[in-house]
Amino acid sequence: MFLVAVFAAHWLLPRAARNLFLVIASYFFYGYIHPWFLYLLWFVTLAVYGCGIGMDTLPRYRRAFMLLGIGACLGMLGVFKYANFFADNVVAALHGLGMEISQPLIRIALPVGISFFAFQGMSYVIDVYRGDIRARRSLIDVALFKAFFPQLVAGPIERATHFLPQIEQRRDFKPELALEGVLLMIWGFFKKLVIADNVSIVANKIFALSHPAFPLLWAGVFAFCIQIFADFSGYTDIARGTAKLFGFNLIENFRHPYLASSPVDFWRRWHISLSTWLRDYVYIPLGGNRGSRLFSARNVMITFLLSGLWHGASWNYVLWGGYWGALIVVYNNLNRFTPAWGRTRGLLPLKILLMFALTNIGWLMFRETDLQQLLTYFSLSPFAASPLDWEAAGYFSALVAIYSIPLMLHMFMDRERAAAAADAGGVISGRGLIHTLAFRTATATALFGGILLLRAASSADFIYFQF
Amino acid sequence: MADVDKRPSVIDEEEARAERLAIRPLSAAAALGVLLCILALPAFYRPTLYGKLPFDRQLLGEINRKKPDYVFIGNSMLGTRIDEKTLEARLGVNCCDVIWTGGAESAWEHQVLKNVVAAAEHRPKVVFVFFRDVYLTRVTYRTNGAYWWKIERMSHESEPELMQAMRASRTWQDNLEYDFGLLYPLQKRREVADYGLEWLAGQAVAPGRVPYGAPVAGRYSDLFSLDKLKGVEAADDAASGPDDSALYDFAARLPQSLLPSMVKVAKDAGIKLVFVRVQRRPLPDGPPPQSAQLRRYIDALQRYLAREGVGYYDFTGDPELTLDRYLDGDHIRADWKPQSTDLFLRRLESQFQ
């Protein structure tokens, strides 16, 4: 209802009023449940806007304004996302030293989407400082860049260089963009309501066990692996589709990550807006791969440990980030010694399979927040499982695999589309069955029918809302 | 507004690789129109496609055939506690009718009492309605989607009490979900799809041994029994009751609920009504924790029922309902179901005389 009303009003309003209207609508969207969260959004918006203007008008203090802007974003993150974590660890550390202090009485609530809009704010300040973009004088434009409701709570993390010019340029309603948007939204809802919500039942059931047998545990991890992809990429598709209805193109966040053939390849396909953010604002400024192997490895590890911490204030996320960092360091070094192995196309399916297994090990660390329990999981033996455990694991895995069939079909269709685009110099002509409008419309209708027929009885929040 | 693009943005690199779809605006508008029409089609044809699910006469036929003196109404908490065969062994053949369905709550129970039990040719002596915590006055709980269809199957064309209670308590999200259900009756075939997918997955592990429509996951229930779950106490805390403190205000919730209507239906039909509060899974060393607001709510409920001359029994704190009797938070283990039935007969002996 909200979307239909905002969509209609947006296109009926005069052009000059559209951005302001979208800002107001976005604030309504964000503040509907917890109005006080809006203060944080306003704080970050004003801080980065002010720092941008400051850099423009007082060039001598550019660096100070940049640090101030970053400090405002990180400070807010520190208080609202990491304060509880910090306090808990201090209490635990002191307890370990034999000093007893009580837990803080006040627990700070985590505002939804805070990590996303904090990172987006920092990117604006850094880009202005670097001179990649000019500081914007229009507070409304900066406010819309910070608060555009489809991507506010779970990304993609937009860059000022990409999104601000779209906000500033003249937007006309384009049916082809709206059609793309509706198709993307239907696909996104299907992924969330049918795939993610249904396989989450399997994952939750298995992760509720204190000592699952080896095969059951990995069936649960497999379910979570599908759930988190369908859930997060589903949200991204809905956000991108919604943005298209308003004439915006948000960046792509996923490119079939489970087809990755190496750890580096995985991060080119998974949560692209975060991985490129970290690459541009952390890894490269740290020195990237310029320097010794040890120096490069240090930079990779710092970047991925930060990536883990970005996801959540919990040690399991840090461990998960460290795991990915270590995988990339090992892969980069192995690749130097065995470059031919990396180029052998015949080994591609094997590499994808291996990468999928490694990704699942990572998801286990991501899913289980209790480190003690995680240790228990890693000590499980496949030989201790009963035939019933294996049968149950087979059943649940088969169920998850069935729900994943649309994802596999989508991979196939995307490969076809990419191949067709490559053949035609990047432009798909609309010829060929799967590229025809009729086919795409029929597919969307079938997906909608699928949502009605197969959606889970209850739907949980999107996983990435908590970050 | 020319940007100073000193270095190529990674995003621009991404976009440069991205494919572009060549669609004429007119074709796209036509496709968009067709798509939206298809999605909205059921709304246009609602009078012919949509109809309330017909009243299910099976339960009424069964009660007319059995002519039971004692009827039990509830959800799976009743289904796992009361064994009809044990009742018949103790009280005689066709003494009782146990009417339950998974996930049912007060709206469904109201409809069964009104349209099945009170409408039967033979009026039972006592009707026991099972419930937990605040759910007798939480009228919209489990009344959307598949739950609503179950309620429809127990309803006639005109149900003023039910619809008034729904109107008084539904939020706009509930209404949206409800309207969505009306627009797209295809959802009513969801169970068929669920069975199909489970059957397919079952074929992967036990080819030919999993009949269509059988709950395959039930084969593995022993792997997920209570003693194998982690964080039992945390789970109990989470499930100990809804957070919304307004739900514990009995005086405010009563007029919006179907409880007064249930009392009236029973009185008008000359049926003795007894509400039975089940106990959630207890702690290893005592009864389950209850918040102060829940205790106040239960006191107010008891006073109301006593005023109306309606029976009430609370199993909370029963010494025989120990943790090892439970399958999970709410359900009793299947192998203890006969003993649970005996316990019920002993505790409510006066109702069977």
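Residues numbered from 1 in each chain as written. Chains lettered and ligands numbered in written order. Predicted model: local features only at pLDDT ≥ 70, side-chain atom pairs only at ≥ 80, totals over all residues. Heavy atoms only, no water.

In terms of regular secondary structure, chain A is built from 19 helices and one strand. Over its C-alpha trace chain A gives a radius of gyration of 23 Å, about what one expects of a compact globule, namely 23 Å for 467 residues. Dimensions along the principal axes, computed over C-alpha positions, put chain A at roughly 70 × 70 × 50 Å. Here chain A, with 467 residues, has 55% of them falling under the buried criterion. Taking all contacts inside chain A whose residues are at least 6 apart in sequence as the whole, residues at least 24 apart take part in 75%. Carbon and sulfur atoms provide 69% of the accessible area of chain A, an area that totals close to 19,800 Å². In chain A, which carries 38 positive and 25 negative side-chain charges, the distance between the mean positions of the two groups comes to 8 Å. (Helix = DSSP H or I, 4+ residues; strand = E, 2+ residues; numbered from the N terminus. Rg over C-alpha atoms; globule rule 2.2 N^0.38 Å. Buried < 20%, exposed > 50% of the residue type's maximum accessible area, 1.4 Å probe, protein only. Contact = heavy atoms within 4.5 Å. Areas by Shrake-Rupley, 256 points an atom, 1.4 Å probe, with all protein chains shown as cover. Lys, Arg positive; Asp, Glu negative; His and termini not counted. Charge placed at Lys NZ, Arg CZ, Asp CG, Glu CD.)

Moving on, we come to the packing of helix α2 (residues 15-31) of chain A against helix α6 (residues 139-147) of chain A. All names here are of chain A. Contact geometry for α2 and α6: axes closest at 9 Å, N-to-C directions at 40 degrees. With respect to α6, the axis of α2 lies oblique. Of the two possible hands of crossing, α2 and α6 adopt the one that is left-handed. Residues Asn19, Leu20, Leu22, Val23, Ser26 and Tyr27 of α2 touch α6, and the partners they reach there are Ile140, Asp141, Ala143, Leu144 and Ala147. Residues of the contact of α2 with α6, tallied by class, amount to eight nonpolar, two polar and one charged. (Axes fitted to C-alpha atoms, helices over the stretch in contact; angles between N-to-C directions. Parallel < 35°, antiparallel > 145°, perpendicular 65-115°, else oblique. Left-handed = near helix turned anticlockwise from the far one by under 90°. Nonpolar A, V, L, I, M, F, W, Y, C, P; charged D, E, K, R; others polar.)

In this section: the side chain of B:Asp133. Residue and element names in this part refer to chain B. You can see Asp133 is positioned in the loop between β4 (126-131) and α8 (146-153). Polar side-chain contacts of Asp133 include one of 3.1 Å to the side chain of Arg132. Here the side chain of Asp133 touches Arg277 through a polar contact of 3.2 Å, side chain to side chain. (Polar contact = N/O pair within 3.5 Å; in protein donor to acceptor, adjacent residues only side chain to side chain.)

Our next topic: the pattern of salt bridges. Residue and element names in this part refer to chain B. This model, assessed by the stated rule, comprises 29 salt bridges over all chains. Residues Lys66 and Glu84 are paired through a salt bridge, measuring 2.2 Å at the closest nitrogen-oxygen approach. Taken together, the positions of Lys66 in helix α4 (residues 58-66) and Glu84 in helix α6 (residues 84-91) put the pair 18 residues apart, joining distant regions of the chain. Overall, Glu84 belongs to the partly exposed group, its relative accessible area being 22%. Notably, a salt bridge pairs Lys66 with Asp97, separated by 3.5 Å at the nearest N-O pair. Separated by 31 residues along the polypeptide, Lys66 in helix α4 and Asp97 in strand β3 (residues 96-100) bring together distant segments of the chain. Under the relative-accessibility criterion, Asp97 is labelled buried at 1%. Each of Arg132, Asp133, Arg277, Arg280, Asp314 and Asp330 takes part in salt bridges that share partners, so that together they form one network. (Salt bridge = Lys/Arg side-chain N within 4 Å of Asp/Glu carboxyl O.)

Our next topic: the nonpolar core. Membership of the largest hydrophobic core comes to 152 residues, with the highest contact counts inside it found for A:Tyr124, A:Trp270 and A:Trp363. Sorting elements by how many residues they give to this core places helix α10 (residues 214-245) of chain A first, with 18 residues. Within the second largest apolar cluster, 55 residues are counted, among which are B:Val127, B:Trp148, B:Leu259 and B:Phe275. (Core = buried A, V, L, I, M, F, W, Y, C linked by side-chain atoms within 4.5 Å.)

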